[in-house]
Amino acid sequence: RAFLWGGEGHSGKPLKASAARMNLYALTLEQSAAVTCTATGSFASPGQQEVAVAHGKTLELLRLDADGKTASLCTAECFGIVRSMTSLRLPGANVDLLVVGSDAGRMVVLQYCPVQNQFERVFVEAVGPPGCRRQTPGQFLAADPRGRAIMLGAIEGGMVAYTCTKDAQHKITLSAPIVTHHGGVLHFSLVAVDVGDTAPLFACLELLCPVDPHAAPAAGSAEGNKMLSWYEVKPGGGVITRKATEAVDPASNLLIPLLGGSDGPGGVIVCAENKIAFKKADGGSVVAIIPRREGTPLDQPLLITAATSVAVAPGAAYYILQAETGDLYRLGVTVSGASVKGLELTFLDAVSPATSLVALKTGHLFVAAEFGDHFVYSLLPSAQAPDAEGAAPLEVAVQGGKIIVPHFVRPASAPLRHLALQHTLSSLAPLIDAKVLDLAKEDAPQIYCLCGRGPRSSLRILRHGLAVTEFATQDLPSPPVGVWSVRGAPGDTEDKFVVVGFAASTVVLAVGQSIQEVHTSGFLREVRTLLAATLADGSLLQVHPRALRLVKPGGAPPLDIPPPRQSEIVRVAHSPTQVVCALRDHSLVYYELEAGNIVHKESPETGGVELSAVALSPPTGPKNKSKFMAVTCSENTWVVRIISLEAGPSYLQTVARQALGETRPDSLLFASAQPAVLFAGLANGVLVRVGMDTTTGLLLPDVRTRVLGKRSVRLLPVQANGAEGVLALSSRAWLSHPASAAQGARQLLTPLSYEEVEDACALSIPACREAMVVVTRSSLRIVSVDSFGGVFNQESMALPHTPRRSVMLKGAQLLVILEGDHNVARAAPAPAENGAAAAGGA
C-alpha cells in the first residue's frame, strides 16, 4: 500500500491541537494474492467450473481453460475478512450460489451476475456481533450437497442452520435460524455429509470442555474428549438433532466428506496424527496409516491438512490428500455393497503445502499454497493408479503390539511423476521485508521483497509495468527510423511483410516460418519510407518524401503519385481509403481511394502555419472512411485542429480546436475507445489526452496530461488485450489498453517493463496475434506482453532458507539478505577454485 500524508499549520513551531489537521490516504498498489479459502462450482454459466478464492478481504472468481491457464472473471471487495465460504446449488438449479461467512457477523449468499460481471447479494442474515469472535458462527461453513440446508459453526459454542427453498421467482429463501445451544464446546471441523435424499446430515469434530478445568472429569464423562458428532436437520421441523456421537483420536484435526448416494459410500474420513479413519453415522470404522517419507523420525507427527475429490466417471472417484509436509497421497476406498472394507493411501508427488486443494472436471488440480505462488497442475493418467515403487514398510511396536508403517523412498526434490505443472499464479505472501531501491539504475526504482518460508523462499524484484517476452532478435547494420507491418490483403489475420525504414533506404522482410528479406514486394528500396500500409482494395501503399507509391495486386505496374508543387512530404496519416500528407511548405494534401486509384481531393486551408503532426479518426460506416482529420498547427501557441472530412457544409472546415501549450507536439493518434480519444505526444515527454464527440467532432473539455519520460512522445497503434491500444514511446514505453474483465470496463495506461524503445509496430503472427516489432538501438525484436492483470511484473530469485531481513550495502550497490531456519542441517561446503573452501549452510 502507498500512504500519503498531508497537514496544515506547519511553521517551524509546535502545532496547536486546534490548528493541526492530518489527512491519511491509502491506495492499494497490488492486491493480496494469499488464498485463505476456496469454493468450486458453476457460478458464471451452467456446465462451466469456476473457482472462487478469498484473499482476506477480497473475493475473486477464477476460470481455468483447457490448458490450465487461469483467467480472473471478477474481483469484489468485501469490506471485511472472509472466514469461510462454500458453494450451494438449489434443487433444480443449473448454477451455483456462493455462501460466505465473514467477520461482519453475517452470512451472505452471493450470485454472479454476467451482465455487471460482479457478485450480487441475494440474501443476508445476521448471525452474531461483528468481529472474528470465538462465539460468532462463521468460522466453519458447510452446505448440503443437495442444496437443502446450510450450517455455520463457531470456534466455541453452538451452531446455526438454515433450510433452503426457492420461491415463485426461483430466488433463494432461507428459513428462520435453527440454533443449537451447546456451551463449552470447541469445534475443529464441520462438513456436510452426502446422504442422498434423506434429511440433511452434518458431521462436526468437537471437544467438550470441562466445566471446572482444575477438576478431574467424572468416570464415563465425555469432558475433555474429542468427539465426532452427527447433526441432522429436519427440513420441515425446524430443529437440529444430534443423531449420533462417538469418541475419536484426541489428535484428530480434519474431516473429509466422501461422495454418497450412487457415487460412493458416504460418511467421512477423520484425519488424525499418522492415520486416517473412515466413519459413518450408523457405525463402522476402517483405519489406514499415512505413509511416511524415509528418514522422517517416527516420533514426528504427520497430519493431513487438505483434501479434494477427483471424479473419474459417474459413480467412480478417488481422493487426493495432502500432508503438512506437502506430500500428496491418493486415497482409494474399497467398497463392498454399502460398507467400506478398506482404505489405501499411495504417495503421488510433493508440492507446496496448501490451504486448499481443488480438483476440476477438466483434469486439473489447483493448489492454493500456504506460502508463495499458487499452482495449477494437470493430473496425468498414472495418478489414478500410482505404483508403490520405492515403498518400504516398517514394523513398529506400539503399546505392546506391532503395526506396519508404510514408507516411501523419494527425495523431496525429485521431479513430478503424476502431475504436470500448467500454470503459476504469483503471490508475495508472506511478505517479510521490502526495500524500494534503484539497484538496476533504471528510469524508475524497483521494490525488493523477501517472500516465502523455508526452501520455497524467494527474493522478488517488482517493477512497475507490464512484463514483456521476446520471441526473436535481429541485429541491424544501422539504427532504423521507422518500422511497419503490412498485410497481404484487407481480410488477412496475419501480417505478410515487415518494412524497415532507414535514413536513405528501405528493407522489406517477409513474415513466415522465418523472417527473410525479399525484393519482389514492389516497394522502392533506395528511399526513406515514411509509411507502409495495406489499403481497402488490397493495394500496398509506400509513402516516401517525394511520392506516394501504389503497388496494385495482380502484378500491375506500381503507380507513383508525387505531391503538388514538387514539395516534400514530412508527415503522413492514413485509413483504409484515405491518405493525408503534410508538406514541407506547411500545406496539407488530401487523397481518397477511388476505383483502385489514389485521387487528389481538395485540400484544407492551413494558413501557412507550421504543421507538426496529422492523424485520421478511426474509419466507420460501409465506406470504411474516417470522418475527421486532426492536425497540430503553430498559432502563437500550438493548437490541434479537428477538420471534417464528411461531405456537407463543413467539409474540410475546422470544427473544433484545442490549445496544447508552448511545447511542440510531434505525434497524434486517435484511439477507438468509447468515447473516442485523441492522444497528442509532446516534445517534452508529456502525453495529452482529449475526448472527442465522434458525431460532431467537438472536443470535450476533459483534457488530461501525463509525463511519460524525458524524450519526445511518439504514438503508435497496436493490439492489446483483445482490442486496439496505443503504444506511447518516450524514454520509457507506455501502453494504453483496456482493463481485464476483473478490473472493469476502463482504459489503463501502463508502462512496459522493457528497455528504451525507439520505434514499434503491431504484428500478427500464428504464435501471437498481439505481438509487436520494436526497434531498440540497432536491433529489431519481436515481443509480446505477457499479461494485463497486474500493476507490477516480477523477477524471482530462489532462496534456500527463510529470509529475515535485507539491507543495501551503500557504495557497492549490493543487497545483503539474512536467512535462517530452525532445525536445518548445515549444507556441505562446495568445492571452490584455487583450493579455497566455499561457505554454505543456514
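The structure under discussion appears in the preceding block.
In this report, we go over the structure that sits alongside the text. In this text, all values refer to a predicted model and were calculated from it rather than measured experimentally. Residue numbers restart at each chain and count upward from 1, following the sequence in its written direction. Per-residue local features are limited, in this predicted model, to residues with pLDDT of at least 70; the limit for side-chain atom pairs, both in listing and counting, is 80 or more; totals at the level of whole chains, interfaces and linings are taken over all residues. Note: side-chain values were computed over all heavy atoms of the structure, leaving out hydrogens and water.

### Regarding the overall build of the protein
The following threshold applies: The way it works is that DSSP assigns letters per residue, a run of H or I at least four long becomes a helix, a run of E at least two long becomes a strand, and they are numbered from the N terminus. Burial classification: accessible surface area is computed with a 1.4 Å probe over protein chains only, and a residue below 20% of its type maximum counts as buried, one above 50% as exposed, and the rest as partly exposed. The contact definition used throughout considers only heavy atoms, calling two residues in contact when any of these lie within 4.5 Å. Computed with the Shrake-Rupley method and a 1.4 Å probe, the accessible areas treat only the protein chains shown as cover for residues. The convention is simple: Lys and Arg are positive, Asp and Glu are negative, and His and the chain ends are not counted. Every charge is mapped onto a representative atom, which is NZ of Lys, CZ of Arg, CG of Asp or CD of Glu.
Along the backbone of the protein there are 0 helices and 69 strands. Expressed as a percentage of the 842 residues in the protein, the buried residues total 47%. Pairs at least 24 residues apart make up 46% of the contacts formed inside the protein by residues separated by at least 6 positions. When the accessible area of the protein is evaluated, it comes to approximately 39800 Å², of which 54% is carbon and sulfur surface. Put simply, the protein has 70 plus and 73 minus side-chain charges, and the middle of one group is 3 Å from the middle of the other.

### Examining the sheet that holds strand β25 (residues 304-313)
Operational definition: Two strands qualify as a pair provided DSSP detects at least 2 bridges between them. In this description, a line fitted to the C-alpha atoms serves as the axis of each element, helices being fitted only across the stretch in contact, and the angle between N-to-C directions of two axes falls anywhere from 0 to 180 degrees.
With antiparallel pairing, the 4 strands of this open sheet are ordered in space as β25-β26-β27-β28. Each end of this open sheet is capped by a strand with a single partner; those strands are β25 and β28 (339-350). Sheet twist, expressed as the average angle between the axes of neighbouring strands with direction ignored, equals 25°. Across 4 bridges, strand β26 (residues 316-323) lies against strand β27 (residues 327-336) in antiparallel orientation. The residue of β27 that forms the bridge with I320 is R330.

### Focus: the side chain of Q578
The condition that has to hold: By the criterion applied in these results, polar contacts are pairs of N or O atoms within 3.5 Å in which, for protein atoms, one can donate a hydrogen and the other can accept it, and in which residues neighboring in sequence qualify only through two side-chain atoms.
By the secondary structure assignment, Q578 is in strand β49 (residues 578-583). At a separation of 2.9 Å, a polar atom in the side chain of Q578 contacts the side chain of Y590. Polar contacts involving the side chain of Q578 include one to the main-chain amide nitrogen of S626, which spans 2.5 Å. Non-local contacts of Q578, meaning those with residues more than four positions away in its chain, are made with A573, Y590, Y591, E592, L616, K625, S626 and L645.

### Section: the sheet that holds strand β47 (residues 559-561)
Sheet architecture is open: 4 strands sit in the order β44-β45-β46-β47, paired in antiparallel fashion. Either end of the sheet is taken by a strand with one partner, and the two such strands are β44 (531-534) and β47. On average, adjacent strands in this sheet sit at an angle of 15° to one another, irrespective of strand direction. Relative to strand β46 (residues 547-551), strand β45 (residues 540-544) runs antiparallel, the two sharing 5 bridges. Looking across to β46, one finds that V543 is bridged to L548.

### Side note on the nonpolar core
The line we're drawing: For our purposes a nonpolar core is just a set of buried Ala, Val, Leu, Ile, Met, Phe, Trp, Tyr and Cys residues, chained together by side-chain atoms within 4.5 Å.
Counting 25 residues, the largest nonpolar core has L548, C581, Y591 and I598 as its most contacted members. If you list the elements that add at least two residues to this core, you get β40 (482-486), β41 (497-501), β44, β45, β46, β48 (569-575), β49 and β50 (588-594). Ranked by size, the runner-up nonpolar core spans 22 residues in total, among them I269, A323, Y329 and F408.

### Some thoughts on unusual backbone geometry
At the junction of A429 and P430, the peptide bond is cis and its omega measures out at -5° in the coordinates. The backbone of N636 shows a phi angle near 65°, a positive value even though the residue is not glycine. As for its placement among the helices and strands, N636 is situated in the loop between β53 (628-635) and β54 (637-644). You will see that Q813, though not glycine, has its phi angle at about 55°, which is positive. The residue Q813 is located in the loop between β68 (803-809) and β69 (814-819) in this model.

### A look at a nonpolar patch on the surface
Note the threshold: A residue counts toward a patch only above 30% relative accessible area and without a salt bridge, and it is joined to like-charged neighbours within 9 Å or, for Val, Leu, Ile, Met, Phe, Trp and Tyr, to nonpolar neighbours within 5 Å. When a carboxyl oxygen of Asp or Glu lies within 4 Å of a side-chain nitrogen of Lys or Arg, that pair is called a salt bridge.
Where nonpolar side chains cluster on the molecular surface, the patch consists of V807, L809, L814 and V816 and spans about 320 Å² of accessible area. Taken together, the elements giving at least two residues each to the nonpolar patch come down to β68 and β69.

### A word on the pattern of salt bridges
For the structure shown, the criterion picks out 35 salt bridges. Note that K625 and E592 form a salt bridge whose closest N and O atoms lie 3.2 Å from each other. Residue K625 is located in the loop between β52 (611-616) and β53, and its partner E592 is located in strand β50; the two are separated by 33 residues in the primary sequence. Here E635 and R657 are joined by a salt bridge, their closest N and O atoms 2.9 Å apart. Separated by 22 residues along the polypeptide, E635 in strand β53 and R657 in strand β55 (residues 654-661) bring together distant segments of the chain.

### Regarding the pairing of β52
For a regular strand, side-chain orientation follows a simple rule: the groups alternate between the two sheet faces. With 6 of 6 residues buried, β52 lies mostly within the body of the structure. Note that β52 and β53 share 5 bridges and pair antiparallel. Note that in β53 the partner of L616 across the bridge is M629.

### Some remarks on the packing of aromatic side chains
Heads up, the condition is: Stacked, edge-to-face and tilted labels apply to pairs of Phe, Tyr and Trp rings (six-membered ring for Trp) whose centres lie within 6.5 Å, assigned for plane angles under 30 degrees, over 60, and everything in between, in that order.
Taken as a whole, this structure holds 5 aromatic pairs when the rule is applied. Taking 6.0 Å as the distance between ring centres and 75° as the angle between the ring planes, the aromatic pair formed by Y112 and F119 counts as edge-to-face. The buried category is assigned to Y112, whose relative accessible area is 11%. Taking the relative accessible area as the measure of exposure, F119 reaches 12% and is therefore buried. Residues Y329 and F408 carry aromatic rings whose centres are separated by 6.4 Å and whose planes lie at 75° to one another, so their mutual orientation is edge-to-face. Of this pair, Y329 sits in strand β27 while F408 is found in strand β34 (residues 407-408), placing the two residues 79 residues apart along the sequence.

### Re the environment of Q116
Looking at the secondary structure, you find Q116 in the loop between β9 (106-113) and β10 (118-126). What makes Q116 exposed here is its relative accessible area of 55%. In sequence terms Q116 and C74 are 42 residues apart; their C-alpha atoms lie 9.6 Å from each other.

### Description of the environment of A142
Its place among the elements puts A142 in strand β11 (residues 140-143). The sequence separation of A142 and L152 amounts to 10 residues, and the corresponding C-alpha distance is 6.6 Å. Beyond its immediate chain neighbours, meaning those up to four positions away, A142 contacts T86, A149, I150, M151, L190, V191, A192 and F202.

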